[in-house]
Number of protein chains: 2
Amino acid sequence: MSAQLKAFRCSFLDFVDDPFYVSELESVRYIVDGLLVIENGLVKELGDYESLQAKYVGIEITSYPGMLIMPGFIDTHVHFPQTEAIASYGEQLLEWLHKYIFPTERKFQEFAYAQKVAAIFLDELLKNGTTTALVFAAVYPESVEAFFTEAHRRNLRAIAGKVMMDRNAPDYLVDTPETSYQQSKQLIEKWHKNGRLLYAVTPRFAITSSAEQLSVASRLLDEFPDVYLHTHLSENVDEIAFVKQLFPENEGYLDVYDRAGLVTNRSIFAHGVYLTDAEFARLSEAESAIAFCPTSNLFLGSGLFKIEQAKSKEHPVKLGLGTDIGAGTSFSLLQTAGEAYKVAQLRKQKLSPFQALFLATLGGARALGLEDKIGNFETGKEADFIVIDPECTELLAFRNSEATTTLKELAAKVFTLMIVGSDRTICATYILGNLAYERPN
Amino acid sequence: MSAQLKAFRCSFLDFVDDPFYVSELESVRYIVDGLLVIENGLVKELGDYESLQAKYVGIEITSYPGMLIMPGFIDTHVHFPQTEAIASYGEQLLEWLHKYIFPTERKFQEFAYAQKVAAIFLDELLKNGTTTALVFAAVYPESVEAFFTEAHRRNLRAIAGKVMMDRNAPDYLVDTPETSYQQSKQLIEKWHKNGRLLYAVTPRFAITSSAEQLSVASRLLDEFPDVYLHTHLSENVDEIAFVKQLFPENEGYLDVYDRAGLVTNRSIFAHGVYLTDAEFARLSEAESAIAFCPTSNLFLGSGLFKIEQAKSKEHPVKLGLGTDIGAGTSFSLLQTAGEAYKVAQLRKQKLSPFQALFLATLGGARALGLEDKIGNFETGKEADFIVIDPECTELLAFRNSEATTTLKELAAKVFTLMIVGSDRTICATYILGNLAYERPN
């Protein structure tokens, strides 16, 4: 393929470092009138339009006046089969799983149905500006096949895996240590690093996996050292008590995964609402990541995640945001960031707009170990990005009518998008420099 | 005016009693294929289409197939001058007032500016299906004039008042007991019961009103016995401590208002997050109302309101929902109901979809003492209603594709609208039977 150059002129916002640890001046890159040059789907250069234009005379430039371009959002925890179970009423985690989620996931043994929902799910991601996600499929290999088929068709960088669960669930939804090993292995061999796709070994959580199955998961990590481990951890008080009952000899919830060999630098644990100091320290030491899912934690009444502890200086833990559909209530990582702010407020903590958007972009990339490929506009990275319309509704047009030039003004403006924005805020989504979604007028 | 008959054919949902105290069968009215007949802007009759059609042959019928008609929503606490301050970053109540709100409200001494914002505000209400609101203006009489002028133009049943505040605020924003009395009196005489408009005596809260000003408010209630009292109460821990410091001789926050004679059956108190048992009992005894503002309580990190205590059998308190813009984060009472659910979940309580929608309609009408005029489709009531589209987005169309016939199915469907809905869910808003807003296609 001969080199294809294209460019976008707009305002740009991305992160070059972590605003939880260094100042905004050191971590936030804001270019009021910028030019993003893309070559074969990768970032070639980002800079001021004035300085760069002479260098790229004659190339195709798409302009988005009044808009803001950011790297695509990264959703570090979401369940595609639960798309249709969003907003299921009245229960907390364990009852909600049995009443709504398990019967829903049963439908995903049929490839055609799973493919239909995967397509709806991925369209929702793109509509909401999410370009990479770490995804739970269902227990059936067909559900993973369907998801990867649709993600591959869209050329998305996505990570997913077959759920492993061999107990404490209806018969129709359980596998065995042996079948979960065989099926996961086959899926890894077929899909891991197939194009932009990656595989995550995915035991649902300690309640639904026997010790034997957890050790099978560990065996898969040993045999395929660059796949991920993706599971749930310390989301809900009753869940934690049940884990204690199932694993009385362990020192705590994380220790169940740890003794099984599942706490690694490629492990992503969803929730962690009730982690102890020692568990935060262990995750930090192991370089594991947490997916913080605020809309889900509020919807299920799980509790308030301690952001400041995950982002402490002493024991920093890699942290991303997850929508956690269907316990989460929005596909939008903007809205998810807004709910993360509310969780912080209830705990008398501050989460700045830039910190929140870092979590949704470069922070998420680091949580997934993909910071060499996605998360910001560094040269050589994959050009997945979104065009944000700060005046997407009449209310936001009134609120955001003033032009933005300073970081402080930008912070105030993007904060309004976290709090009042929605999918309508996303004007367009690009995958490897190609238009993949455009908001209808 | 000769009698004008018109009718609407659709599914209908309203409340004929309180689902917190009686069963859903006794409180929820759901007509799958209904006809709402309106005469001169008032409800003449609501019933099954099949039974009623023969009686009204030849009258104009507007049909909304697939939609759901409900009474217009009632917002029991909102600040119109704060429309532009929605989503202001980083502070809790008292600091947020000083940093963002007081400077914003200063602009409302100019009638033209206040009128412009009042128009934007009222358009947002209609777009979100809100047809009645209890509204804080600013301290300036011009702001009240502007609000009532625009509400009158739209023929809305709205309640508002000039803010009274004579201390603990910037000089530009304070009045005196005497000027607040004179200005409120003039506004009452001009606007109270002018068309559908009503007046609320509106001391901001105990922190910004001296004891002398609170007694002036009481004098206004004595002189005009059918106006309202609208203020804030027990929202935030620091606020409560400051009130204690300002009124050391009182037994608590509510007692400050009570000794001033402001706790009446026409008093609406916003928030009440930290009310004591004795205060709930006192509000019950006085037949006062509380406006529960969940999005605001989460956004400012104020805390979690005890719904089940307000709706206890022993000491029931009249309860409505408030968006509390600009501390609230949405004009939509559907979204506000969804956040109320999340507050209940965090407290391990259940708030059913019908209970939440009751608060947004008939419950709000009762809180405002307007249950003889609005809140449901009883014969003779004012025909303010909304047309709801359960499939307003691709996600909701997928989620809600099955037809609804039972109360249980309806509950599940309206719950999805509370959790995932938005202004887009409102297809049309009617005021006194006339189309006032229609969603663009």
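Residues numbered from 1 in each chain as written. Chains lettered and ligands numbered in written order. Predicted model: local features only at pLDDT ≥ 70, side-chain atom pairs only at ≥ 80, totals over all residues.

Visitor: Which residues make up the overall build of chain A, and what values do they have?
Guide: A tally of helices and strands in chain A yields 17 helices and 16 strands. Taken over C-alpha atoms, the radius of gyration comes to 21 Å for chain A, in line with the 22 Å a tight globule of 441 residues would show. Once the C-alpha set of chain A is aligned to its principal axes, its extents read approximately 65 × 50 × 40 Å. Of all 441 residues assigned to chain A, the portion counted as buried reaches 58%. (Helix = DSSP H or I, 4+ residues; strand = E, 2+ residues; numbered from the N terminus. Rg over C-alpha atoms; globule rule 2.2 N^0.38 Å. Buried ≥ 20, exposed ≤ 12 C-beta atoms within 10 Å, placed from the backbone.)

Visitor: Provide a residue-level description of the relation of the copies chain A and chain B, including the pertinent values.
Guide: Expressed as a screw transformation, the operator carrying chain A onto chain B has a rotation angle of 180° and an axial translation of 0.0 Å, and the superposed copies differ by an RMSD of 0.0 Å. One copy is carried onto the other by what is essentially a two-fold rotation axis. The overlap is high: 100% of the interface residues of chain A also sit at the interface in chain B, so the same surface is used on both sides. (Least-squares fit on C-alpha atoms with pLDDT ≥ 70 in both. Contact = placed C-beta atoms within 7 Å.)

Visitor: Go over the interface of chain A and chain B with me, naming the residues and quoting the values.
Guide: Of the residues lining the interface, 27 residues belong to chain A; the matching set on chain B comes to 27 residues. Where the side of chain A that touches chain B is concerned, the elements lending two or more residues are helix 4 (111-127), helix 11 (294-299), helix 13 (333-346), helix 16 (394-399) and helix 17 (407-420) of chain A. Among the elements that take part in the side of chain A that touches chain B, helix 17 of chain A stands out by supplying five residues, more than any other. Classifying every residue of the side of chain A that touches chain B by side-chain character gives 15 nonpolar, six polar and six charged. (Nonpolar A, V, L, I, M, F, W, Y, C, P; charged D, E, K, R; others polar.)

Visitor: Which residues make up the domain arrangement of chain A, and what values do they have?
Guide: Residues and elements named next belong to chain A. Looking at the assigned domains, one finds that chain A contains domain 1 (5-71 + 376-438) and domain 2 (73-367). Centre-to-centre separation of domain 1 and domain 2, based on C-alpha positions: 29 Å. Taken together, the contacts link 29 residues of domain 1 with 28 residues of domain 2. For the side of domain 1 that touches domain 2, the elements supplying multiple residues, two or more each, are strand 1 (5-15), strand 4 (61-71), helix 17, strand 15 (426-431) and strand 16 (434-438). For the side of domain 1 that touches domain 2, the leading source of residues is helix 17, giving six residues. (Domains from an automatic or database assignment.)

Visitor: Please set out the environment of Val135 of chain B residue by residue, giving values where relevant.
Guide: All names here are of chain B. Residue position: Val135 is located in strand 6 (residues 130-136). For the pair Val135 and Lys162, spaced 27 residues apart in the sequence, the C-alpha separation amounts to 9.4 Å. Sequence-distant contacts of Val135, that is, excluding residues within four places in its chain, are made with Val78, Phe80, Phe147, Ala158, Ile159 and Ala160.

Visitor: Tell me about the packing of helix 4 of chain A against helix 5 (residues 141-153) of chain A, and name the residues and values.
Guide: What describes two packed helices is the angle between their axes and the distance between those same axes. All names here are of chain A. Two numbers describe how helix 4 lies on helix 5: the axes approach to 8 Å, and their chain directions differ by 40°. Here helix 4 is positioned oblique relative to helix 5, judged by the angle of their axes. Judged by the sense of rotation from one axis to the other, the crossing of helix 4 with helix 5 is right-handed. Between helix 4, through Phe111, Ala114, Gln115, Ala118, Ala119 and Leu122, and helix 5, the contact on the second element is made entirely by Glu142, Ser143, Glu145, Ala146, Phe147, Thr149, Glu150 and Ala151. (Axes fitted to C-alpha atoms, helices over the stretch in contact; angles between N-to-C directions. Parallel < 35°, antiparallel > 145°, perpendicular 65-115°, else oblique. Left-handed = near helix turned anticlockwise from the far one by under 90°.)

Visitor: Talk me through the nonpolar core; I want residue IDs and the actual numbers.
Guide: Counting residues in hydrophobic clusters, the biggest one holds 289 residues, and the most contacted among them are Leu36 and Val135 of chain A together with Leu36 and Val135 of chain B. With eight residues, helix 17 of chain A is the largest single contributor of residues to this core. (Core = buried A, V, L, I, M, F, W, Y, C linked by C-beta atoms within 7 Å.)

Visitor: Which residues make up helix 5 (residues 141-153) of chain B, and what are the values?
Guide: Residues and elements named next belong to chain B. Between its first and last C-alpha, helix 5 extends 18 Å over 13 residues, near the 18 Å set by a 1.5 Å rise per residue. Restricting attention to buried positions, one finds in helix 5 the residues Pro141, Ser143, Val144, Glu145, Ala146, Phe147, Phe148, Glu150 and Ala151. Packed against the buried residues of helix 5 are helix 4 (111-127), strand 6, strand 7 (157-161) and helix 6 (177-191). One or two positions beyond helix 5, positive phi appears at Asn155, with a value near 60°. (Expected span 1.5 Å × (residues − 1).)

Visitor: How would you sum up the pairing of strand 2 (residues 28-39) of chain B? Please name residues and give values.
Guide: Residues and elements named next belong to chain B. Strand direction decides the pairing type here: strand 1 (residues 5-15) and strand 2, joined by 10 bridges, are antiparallel. In the sheet register, Phe15 faces strand 2, and the bridge partner there is Val28. Here six bridges tie strand 2 to strand 3 (residues 42-48), and the two strands are oriented antiparallel to one another. Looking at strand 3, one finds that Val37 is bridged to Glu45. In textbook terms, the turn of a hairpin is the stretch between consecutive antiparallel strands, and for strand 2 and strand 3 this stretch comprises two residues, one of which, Asn40, has a positive phi near 50°. (Pairing = 2+ DSSP bridges.)

Visitor: Kindly report on the confidence of the model for chain A, identifying the contributing residues and their values.
Guide: Of the residues in chain A, 99% reach a pLDDT of 70 or more, and the chain-wide mean stands at 97. Scored by ipTM, the complex comes to 0.96, with pTM at 0.97. (pLDDT = per-residue confidence, 0-100.)

Visitor: A description of unusual backbone geometry should follow, citing residues and the corresponding values.
Guide: Trans peptide bonds make up the majority, and among non-glycine residues the majority have a negative phi. Of note, the amide linkage connecting Ile325 of chain A to Gly326 of chain A takes the cis form, showing an omega dihedral of 5°. Residue placement: Gly326 of chain A occurs in the loop between strand 13 (318-321) and helix 13. For Lys348 of chain A, which is not a glycine, the phi torsion comes out positive at approximately 60°. By the secondary structure assignment, Lys348 of chain A is in the loop between helix 13 and helix 14 (353-360). Positive phi is not limited to glycine here, since Lys193 of chain B has a value of about 65°. Considering the arrangement of structural elements, one finds Lys193 of chain B in the loop between helix 6 and strand 9 (198-203).

Visitor: Residue-level account of helix 14 (residues 353-360) of chain B, with values.
Guide: Counting buried positions along helix 14 of chain B gives eight out of eight residues, so the element sits mostly inside the fold. Within helix 14 of chain B the residues assigned to the buried category are Pro353, Phe354, Gln355, Ala356, Leu357, Phe358, Leu359 and Ala360 of chain B.

Visitor: Tell me about the sheet that holds strand 4 of chain A, and name the residues and values.
Guide: All names here are of chain A. The strand order across the open sheet built from seven strands is 3-2-1-4-14-15-16, with neighbouring strands paired in mixed fashion. Among the strands making up the open sheet, the edge pair consists of strand 3 (42-48) and strand 16. Across this sheet, the average inter-strand angle for adjacent strands is 35°, counted without regard to direction.

Visitor: Any chance you could break down the pairing of strand 5 (residues 73-79) of chain A for me, citing the residues and the numbers?
Guide: For a regular strand, side chains alternate in direction, first toward one face of the sheet and then toward the other. Residue and element names in this part refer to chain A. The buried count for strand 5 comes to seven of seven residues, which makes it a mostly enclosed element. Here strand 5 runs beside strand 6 (residues 130-136); their pairing, made up of five bridges, is parallel. Across the sheet, residue His79 finds its bridge partner in strand 6, namely Phe136.

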